[in-house]
Structures are given as C-alpha cells and as structure tokens.
Amino acid sequence: MSEVIKILLVEDDEDDYFLTSDYLERCESPKFELTWVTNSLDAVEALKTENFDLCLLDYLLGAENAIDVLAVLKSNQFSLPVVILTGQSDVTVDEMVMRAGAADYLQKSEIESPRFMRTIRYAMVRRDIENERIERNKVEQKNKAKDKFLAHLGHELRTPLTSILGYTELLIDDARNSPFQQELSIIHSNGKHLLSLLNDLLDMSRIMAEKLELNIKEVNLSAFLTDIHSLMRLNAKDKGLSLNVISKTKVPEFIQTDPTRLRQVLLNLISNAVKFTDKGSITLTISLDQHDEANKQSPLLRFSVDDTGIGMPPDKLANIFQPFEQIEDVMRANHGGAGLGLAICKELVTKLGGDIHVTSRLGEGSTFTFDINPGNISSQPNVELTLGQIQPVESSSIDLNVTGRVLIVDDLREIRRLTGHIVSQSKADISYAENGVKALEAVLQADEHNKPYDLVLMDIHMPVMNGIEALHAIRRHGKNIPVIAVTAASRKGLRESLIREGFNDVIGKPIDRFALANLLSQYLPPGDHITFSNVEAQVADMPMQKPYAPEKEESHGAPIKHRVDSDEATNGAQQSSIQKSSNKRVLVIEDDEDAAELLQLFLTHLGHDVTTEYCGADALKAAESDSFDHVLMDLTLPDYDGYDLAEEIKGKLPNATLTIVSGHEASKETMQTIGIDSALLKPVSKDDLASVVG
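Predicted model, so just to flag it, every value in this text is computed and none were measured. (Residues numbered from 1 in each chain as written. Predicted model: local features only at pLDDT ≥ 70, side-chain atom pairs only at ≥ 80, totals over all residues. Heavy atoms only, no water.)

1. Details of the overall build of the protein chain
Put simply, the test is: Secondary structure is summarised from DSSP: a helix means a run of H or I of at least four residues, a strand means a run of E of at least two, and numbering begins at the N terminus for each. Burial classes follow relative accessibility: with a 1.4 Å probe on protein chains only, a residue under 20% of its type's maximum area counts as buried, one over 50% as exposed, and anything between as partly exposed. Between two residues, a contact is recorded if the distance between any of their heavy atoms is within 4.5 Å. Each accessible area value is a Shrake-Rupley result obtained with a 1.4 Å probe; residue values ignore everything except the protein chains displayed when judging cover.
Scanning the protein chain from N- to C-terminus turns up 22 helices and 28 strands. Counting over 694 residues, the protein chain shows a buried share of 50%. Considering only intrachain contacts with a sequence separation of at least 6, the fraction spanning at least 24 residues in the protein chain is 72%. Of the roughly 33,700 Å² that the protein chain leaves accessible, carbon and sulfur atoms contribute 49%.

2. Quick word on the side chain of Asp-58
Mapping Asp-58 onto the fold places it in strand S3 (residues 54–58). Sequence-distant contacts of Asp-58, defined by excluding residues within four places in its chain, comprise Val-10, Glu-11, Asp-12, Ala-66, Leu-85 and Lys-108.

3. Topic: the sheet that holds strand S6 (residues 82–86)
Sheets are built from strands that pair by backbone hydrogen bonding, the pairs being arranged parallel or antiparallel. What counts is decided by this rule: When DSSP finds two or more bridges between a pair of strands, those strands are recorded as paired. Helix axes are fitted only over the stretch in contact, all axes being lines through C-alpha atoms; the angle between N-to-C directions runs from 0 to 180 degrees.
Read from one edge to the other, the open sheet built from five strands follows the order S2-S1-S3-S6-S7, with strand pairing classed as parallel. The open sheet has two edge strands with one neighbour each: strand S2 (31–37) and strand S7 (104–107). The sheet shows a mean angle of 25° between the axes of neighbouring strands, taken without regard to direction. Against the sheet, helix H2 (residues 40–49) engages strand S1 (4–10) and S2, with an angle of about 155° to S1.

4. Brief notes about the environment of Gln-322
Relative to the helices and strands, Gln-322 is located in the loop between strand S13 (300–307) and helix H9 (328–332). In the structure, Gln-322 is positioned 19 residues away from Gly-341 in sequence and 9.6 Å away in space, judged by C-alpha atoms.

5. Description of the nonpolar core
Convention followed: Note on terminology: a nonpolar core comprises buried Ala, Val, Leu, Ile, Met, Phe, Trp, Tyr and Cys residues joined through side-chain atoms within 4.5 Å.
Ranked by size, the top nonpolar core spans 49 residues in total, and within it Leu-225, Phe-303 and Phe-370 carry the most contacts. Beyond its immediate stretch of four places on either side in the chain, Phe-303 contacts Leu-225, Leu-262, Leu-266, Leu-284, Thr-285, Ile-286, Phe-368, Thr-369, Phe-370 and Ile-372. Listed in part, the 25 residues of the second largest apolar core include Tyr-453, Met-462, Ile-474 and Phe-503.

6. As for the sheet that holds strand S27 (residues 657–662)
Pairing within the open sheet is parallel, and its five strands lie in the order S25-S24-S26-S27-S28. Here the strands that pair on one side only, and so sit at the sheet edges, are strand S25 (609–613) and strand S28 (678–681). Strand-to-strand twist across the sheet, computed as the mean angle between neighbouring axes with direction ignored, equals 20°. Bridge count between strand S24 (residues 585–589) and strand S26 (residues 630–633): four bridges; the pairing is parallel. Its bridge partner lying in S26, Ile-589 is registered against Met-633. In the packing of helix H18 (residues 593–605) onto the sheet, the strands contacted are S24, S25 and S26, and the crossing angle to S25 comes to about 170°.

7. Section: the pattern of salt bridges
Two side chains bearing opposite charge may form a pair once their charged atoms approach each other closely. Basically, it comes down to this: Salt bridges are counted wherever a side-chain nitrogen of Lys or Arg sits within 4 Å of a carboxyl oxygen of Asp or Glu.
With the rule as written, the count across this model stands at 15 salt bridges. Measuring nitrogen to oxygen at the nearest pair gives 3.6 Å for the salt bridge that ties Glu-364 to Arg-361. Relative accessible area serves as the criterion here: at 32%, Arg-361 is assigned to the partly exposed category. Close ionic contact of Lys-682 with Asp-634 constitutes a salt bridge, the shortest N to O distance being 3.6 Å. You can see Lys-682 sitting in the loop between S28 and helix H22 (686–692) and its partner Asp-634 sitting in the loop between S26 and helix H20 (642–652), a full 48 residues away along the chain. What makes Lys-682 buried here is its relative accessible area of 2%.

8. Digging into the packing of helix H8 (residues 259–275) against helix H10 (residues 341–351)
Relative orientation and spacing of two packed helices are given, respectively, by the angle between their axes and the distance between those axes. The criterion, for reference: Left-handed is the label given to a crossing in which the near helix is rotated counterclockwise from the far helix by less than a right angle, and right-handed is the label when the rotation is clockwise. Residues are grouped as follows: nonpolar covers Ala, Val, Leu, Ile, Met, Phe, Trp, Tyr, Cys and Pro; charged covers Asp, Glu, Lys and Arg; every other residue, Gly included, is treated as polar.
Here H8 crosses H10 at 145°, and the two axes come no closer than 10 Å. When you trace H8 past H10, the crossing you get is left-handed. Residues Arg-261, Gln-264, Val-265, Asn-268, Leu-269 and Asn-272 of H8 pack against Gly-341, Leu-342, Ile-344, Cys-345, Leu-348 and Val-349 of H10. Partitioning the contact of H8 with H10 into residue classes produces seven nonpolar, four polar and one charged.

9. Details of the packing of aromatic side chains
What counts is decided by this rule: When two rings of Phe, Tyr or Trp (its six-membered ring) have centres within 6.5 Å they constitute a pair, described as stacked for plane angles under 30 degrees, edge-to-face for angles over 60, and tilted for the intermediate range. In this scheme, Lys NZ or Arg CZ marks a charge over a ring once it lies within 6 Å of the ring centre and within 35 degrees of the ring normal.
Enumeration over the complete set of coordinates arrives at four aromatic pairs. With a centroid separation of 4.1 Å and 5° between ring planes, the pair formed by Tyr-17 and Trp-36 is classed as stacked. In this pair, Tyr-17 is assigned in helix H1 (residues 14–26) and Trp-36 in strand S2, connecting sequence segments 19 residues apart. On the basis of relative accessibility, which here comes to 19%, the residue Tyr-17 falls in the buried class. Among the aromatic residues, ring-to-ring pairing joins Tyr-17, Phe-18 and Trp-36 into one connected group. It is Lys-346 that lies over the ring of Phe-321; its NZ or CZ is 5.9 Å from the centre.

10. Describing unusual backbone geometry
The omega torsion of the bond from Lys-682 to Pro-683 falls at 0°, within 30 degrees of zero and hence cis. Positive phi is not limited to glycine here, since Gln-77 has a value of about 60°. With a relative accessible area of 71%, Gln-77 lands in the exposed category. The residue Asn-450 is not glycine, and still its phi comes out positive at about 55°.

11. Description of helix H12 (residues 436–448)
The α-helix winds at 3.6 residues per turn, so residues separated by three or four positions along the chain end up facing the same way. The test is simple: To estimate how far a helix should extend, the number of its residues minus one is multiplied by 1.5 Å. In protein, a polar contact means a hydrogen-donor-capable atom and an acceptor-capable atom, both N or O and within 3.5 Å, with residues adjacent in sequence counting only if both atoms are side-chain atoms; elsewhere, any N or O pair within 3.5 Å suffices.
Along its 13 residues, H12 runs 18 Å from first to last C-alpha, staying within 8% of the 18 Å computed at 1.5 Å per residue. What H12 keeps buried is the set Gly-436, Lys-438, Ala-439, Leu-440, Ala-442, Val-443, Gln-445 and Ala-446. Residues of H12 that are buried sit in contact with strand S18 (405–409), strand S19 (429–433), strand S20 (455–459) and helix H13 (467–476). For H12, the N-terminal cap is Asn-435; the gap from its side-chain oxygen to the backbone nitrogen of Val-437 is 3.1 Å. A positive backbone phi angle near 55° is found at Asn-450, which sits one or two residues after H12.

12. Overview of a negative patch on the surface
Rule in force here: Here, patches come from residues exposed beyond 30% relative accessible area and free of salt bridges, joined within 9 Å for like charges and within 5 Å for nonpolar side chains (Val, Leu, Ile, Met, Phe, Trp, Tyr). When charges are counted, Lys and Arg contribute as positive and Asp and Glu as negative, whereas His and the chain ends are disregarded. One atom stands in for each charge, and that atom is NZ of Lys, CZ of Arg, CG of Asp or CD of Glu.
On the surface, Asp-12, Asp-13, Glu-14 and Asp-15 cluster together into a negatively charged patch. Structurally, Asp-12 can be placed in the loop between S1 and H1.

13. Observations regarding the pairing of S2
Where we set the bar: If you view a crossover with the strands going away from you and the path from the first strand over the helix to the second runs clockwise, you call it right-handed.
Alignment of S1 against S2, held across seven bridges, turns out to be parallel. Note on S2: the bridge partner recorded for Val-10 is Val-37. Note that the unit made of S1, H1 and S2 has a crossover that is right-handed.

14. Observations concerning the environment of Lys-279
Looking at the secondary structure, you find Lys-279 in the loop between H8 and strand S12 (281–289). Spatially, the C-alpha atom of Lys-279 lies 7.2 Å from that of Gly-309, the residues being 30 residues apart in sequence. When residues no more than four places from it in sequence are discounted, the contact partners of Lys-279 are Leu-241 and Thr-308.

In structure tokens, the structure reads:
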C-alpha cells in the first residue's frame, strides 16, 4: 500500500463530506489525501488531471445515481476501484452496483467503524491485483507482437535470400560462368552467412519466449561423434588444421538426449574454434564425470573443445555467453557473426541438463567445456570410444566406370549427402532412405517396378529400424541384393559378426572415398568409361548444402530415383529421358514475382511443367480448370490466409501433393489437420525442391 492514499470523494452532501474528511484526517496510518467533487462531470475532470488510488461514490447525487456515474467512468476508461456509499442498506441496490463494476458497498454510518478501513484496504489490494493482471497482459501482448514481428521479419528476409542464393546457384551451375566461379562462390557463401545469422536470431527469440522444445531420443554416441568428425574435419583441413576426437574415460554406447540440439552446440563450438585458429589443431574431448554415488546424482557426459587459436583476455570472458556480446578485438579482426552463437549454446546446454564455461589464454587458445545429462545409463556397460579410421589422402586415379542403382540408407541427411557425393561421380542412379523401414519399402517398390537396386549402403545405427533388422527383413522377402554395412564402430570381430548377419561387406565411418570406390567397382555393373583423378581432392571441396546427388522422398516415405549426370551437354539425351519419366504438373502459388520466377526456373530445370499464380483466387481458378500433381504455395498471400487456401486447394485437388514454401515455419498440427504433405522454409534451393517434388 502506498504511503499516502489519494481518494476522490464524489458526494453532494456537505455534511457527509466533512464527516468523511474528519475521519480520514484522524487516521495515522495510512495517510489519506482527499479531493471532493459533487457530480460526475467534475469527477471526470478531476480524474483526467490527477491520479487517484480510490473513489468513494455516494449512491444518490441529485439527478444521478452511482450506476450512472460508474457507466461514465467506464466509458472514459478509468479503472480505479470505486466504493459506493449509501444512507441505508438495500440488498437490491448492493447487487446492482456490484454488477455495474463497484469494488464494494458501504453504509455512511460505517465510516467511523473498523469495517470502513477494511473495505478501503481490500479495495486497494484488489486494485493492486488488477494492476498486476493488466501489466502481465501488456507484457504478453508485447511478447506476442514481438513474436509476430520476428516471424514477419523472418519471412521478409528469407524471400530475398531465396532469390540471392537460388539465382547464384543457377549461375554456378552454368558452365559458361566458369571464369566467374570465385566471385559467384563469394556471393553464395555470404548469402549462406546471412541465412545463418537469421537462424540464430530466430533461435534466440524462441529460447527467450520459452518456445524451444527438446526431442529426446536414444543416440549411439560413437556413431554420433563420428558423423560430427566427418562433417567438420574438412572445414579444419581447408585451413591446414587437424581435428581430433578423443575420450579420457570409457563412455556409454547409447545416451538419451536431443541429437539435433547437441549437434548444434558441438558444430557451433568447433566452427568457432576453426574460425579463430590459424595454425595448430582443434581437439574434441569426451569424458564421463562420475558423481558421488552417496548423493545419488546421475553422471554427466562432458565435452571439451580445445583450440590453439587467438584466445581471449580474462576480463572479456565473463560476458561471452551473453546475447550480442562480441570481443572488440575479434570484431576488429572481421570474424563476423551476430554474437548469438555462444548465447544459444548456453541455453541449449542448460536445457540438456548441464552447464558450459570457458577458459582461455590470450594468444594461445581457448577451451570450451560443457556437460549434458546422458539419461539413465546405469543398465549398460561403459565402452572405449572408437571412431572410424580416416585413411590418408592418396594422389592416384580411381576408376568409376560403373552404373546401376544404389540406395543410401542413413538417418542423418548430411551423411547421406556426403556418401552421395562420392557415388554421384559414377554413372549410378542414387536413392536415399532415412531408416530401415523406408529402405525396405524402397527395395520392395523398386522390384515391383522392375527396377531393382544393384547395391544398398546401409547404416547400422538408425531409429525406427536399424540396419541389421532391415537386412534381415530384406532377406526374408527373398531379396539377395548386395548390402554393405556402414558403421562407426570398430570393435574387434565386428566385421566378421556383420558378415555372419548377412552383409556382403563392411565399410567404416568416416567413409574413405577410395574404399567406397573400390566397393562400387566390385558390386556395380560396368558402365561407360569415366575416370576421375584424385577423387578426394575433387569431392572434399564440394559444398555440403549443395549436393550433386539430391534426395527425393515422396510423402509415403519411399525414396525413388533421381539421376545425376556429370555433364549435361554430353548426356543431354539421357537427361531428357529421365525428365520425361519424372515429369509432373506443378502449380506454384507465390505473390513475390522474383521468388515465383526462381521456383519456376528450378522446377523447369528439374523437368517439370509449371503454372504460376500470384494470388489465392487465381490459384483456385487454375485448380478448377486443370489438374496438377504437386502444389507449392506460400503462406502469406494478398487475398487469402495460407491455411484456408491450402484447405480449399486440397478439396479441389485431392490427389495432388501439397507443399508449403514460406518464410514462416508451418504449424505441424495445422498441416496434419488439413492434409499438407510437407513444408520448406525459405530460402529454398533446387535440391530442396528435388527432395519434395522430384
């Protein structure tokens, strides 16, 4: 309660005013400051010029009554508590004024009684509660407005980025632009950098709004770390650095965590280490921190990323995990970034059940260490961490004179693409599957279409159905297709064990390009002669985000073929026949003309017939007058709500596949309700479109 309570008394009887004033003046605690008016008009004027804590309102004011005055106060949006004063008790009047918005109802004879002071105190408490509710509502509205703004900002930034990245990719793909490859690559890499900054901003906004949720699942630690090593070692190698992964202790084979978020933290820390290190090495160290069993605390899994880079001064370390904080010297060195990466890492690590801290030596390097909760690991023994051995690079020629059809099965999209890079150097057709169930579907579907696979590259550790279970299922269906096990584990006797399970061969992770090339030549039929010198040098520099063997997965989950030719001019006839076989009628609904034109170019390059409409009404007319196999549509259109339009489109084209292409993240629940098959977040590449359309 405030030290001095300011009261507005609306009373037309002078004697009652003096009675009320005299009583309030005698009160020592709290103190009251009284302002007296005699009608509603004067009350409104007083409330406009001064703030009051409480209003005491006489029920009868000449021609007016309290209900009339309450209506006037409400119409002028005054929200202070009002206590009604009356000469005598009346249950009906009491009920009427309370319904009209009064805080309480008192007889004038009670002014000098304890009940009068209690009524004032209760009214003030209710006012404070109401003010808190109003403030909370204001904060909620501000947060909603901020979220809406960020969503709009994300959409508005992704749309031009789509054009920048998409048209740059088209120029890079055109052999006539070979003299400008370096300049185009700079544009493309800077566009990707802008996209990463945007993603960081949106991630941080989700974290601050407490809308970021974890997806906890079982993770094979060895396979997970092998994939991290495989993805990041080429980045380190480009700067002449080595990337090492070691374990100080035995570790659990499986942990319970969110692999996407743990992966995000590790890739961010390793990328930073590479960025700020010019010579030496980066080392990722893993250990199991066994807590005191007497306290019954679960052990934590500890990760440390150590580099030999520029380091940081001690006085700069305190704020390094704060959003938008960057070391001044780092900014002068033009290393870039919005200063959000480490703040996001800290929030993610906290959500994963641990903490993160840093030690650094200026000019010598830094060490970032964080823990996560690995879940319940008490039922499994700890094992030595083993990663696939990386063979040294050899300068020799590899004969990729093979053709046929290859199915690559791995739950991580980046690893599927990495493997696809190598296989795409041959004349083989490539398909992808993300788990054993989809691999089995793909094998059976291929046989039904009389286009069986010649080889399957099968990861061992996958969700839904692992590689061994998938192999057994394939064999139960009588399929004797060669299947090669791809595994990050390297324990003694593993190869023999997998061969006994029925695999034709085994290859380790990270996949050695020369070893895979030898397996391809062994199991695939010979094709037109083609030889590449030093495949390692050629494939290692290919951008991860722009694979030469794009994925194609239909809505029912069965991957199908997407042919990749290394030379369009030489193999035009083959490419033409492939496009005809996969040709689809596609309806694009996009109000941004540049984005629509880019989508049309991409889809045309993929061999599809495209119709473009710039608003919902025209799109519905097109859907009524023509048939389409696939619909790509933005969520923000000038004349329609995106989801409403999607529902109408689905009704007119029930057999068409519907994909959202938007700068806004689509709601999974709404998609499922309407029957939307998939969603792409802008900016989209030709490979993204190939993954959903073909």
